[in-house]
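The chain contents come next:
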Amino acid sequence: MYIPVHFLHTTTKYRGDILFIFKCAKENFTNTEAGAYESYSIWVMDSKSEETLCYIPDVFTHPCKAHKFVELCNTHQPALIHLEDIIESFYNK
C-alpha cells in the first residue's frame, strides 16, 4: 500500500517535551472508480510553533479509526519518518 506522506517542514525532537500534535480532519475526495467520498486525513503540527509539519491525505474512512490513530500518536510521539510504516501496521491490526 502506498501512502503519500507530504513533509512540509522538518524539525528535531524536543527532549522531554511533546514534539508533535497529531490531528485528523474529515475531507472530501473524488476517485474515478468510487466517485465522491469522505475520508480522514492526518495532520502533524509542531507543538511549539503550531506549524504544519506533515500532511497525509485520505488515510481512514472510519472516524473511530482516525481518532484512535491520532490518540495513539499523540501519546507515543512517533518519529515522522516512520509514519508510513505505522499507518500500514495500524491497518493490519
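Everything discussed here concerns the structure shown above.
All figures in this text were calculated on a predicted structure; none of them were measured in a lab.

For strand E2 (residues 20–31) and strand E3 (residues 35–46), the ladder comprises 12 bridges, and the chain directions are antiparallel. By the bridge assignment, Phe-20 is partnered in E3 with Asp-46. Between E2 and E3, which pair antiparallel in sequence order, lie three residues.

In the contact formed by helix H1 (residues 63–76) and helix H2 (residues 83–91), the axes pass within 12 Å of each other and the chain directions differ by 130°. Taken together, the axis directions place H1 and H2 in an arrangement best described as oblique. Read as a crossing pair, H1 and H2 show a hand that is right-handed. Contact residues: H1 offers Lys-65, Lys-68, Phe-69 and Leu-72, while H2 offers Leu-83, Ile-86, Ile-87, Phe-90 and Tyr-91. Per-class residue counts for the contact of H1 with H2 are seven nonpolar, no polar and two charged.

Along the chain, the position of Lys-68 falls in helix H1. Classification of Lys-68 as partly exposed rests on a relative accessible area of 38%. Linking Lys-68 and Cys-24, residues 44 residues apart in sequence, is a C-alpha distance of 9.9 Å.

Relative to the assigned elements, Ser-39 resides in strand E3. The class of Ser-39 is buried, set by a relative accessible area of 0%. Within the local environment of Ser-39, its side chain forms a polar contact with the side chain of Asp-58, the two groups lying 2.6 Å apart. Those residues in contact with Ser-39 that lie beyond four places of it in its chain are Ala-25, Lys-26, Glu-27, Phe-29, Asp-58, Val-59, Phe-60 and Thr-61.

Thresholds applied
Residues numbered from 1 in each chain as written. Predicted model: local features only at pLDDT ≥ 70, side-chain atom pairs only at ≥ 80, totals over all residues. Heavy atoms only, no water. Pairing = 2+ DSSP bridges. Helix = DSSP H or I, 4+ residues; strand = E, 2+ residues; numbered from the N terminus. Axes fitted to C-alpha atoms, helices over the stretch in contact; angles between N-to-C directions. Parallel < 35°, antiparallel > 145°, perpendicular 65-115°, else oblique. Left-handed = near helix turned anticlockwise from the far one by under 90°. Contact = heavy atoms within 4.5 Å. Nonpolar A, V, L, I, M, F, W, Y, C, P; charged D, E, K, R; others polar. Buried < 20%, exposed > 50% of the residue type's maximum accessible area, 1.4 Å probe, protein only. Polar contact = N/O pair within 3.5 Å; in protein donor to acceptor, adjacent residues only side chain to side chain.

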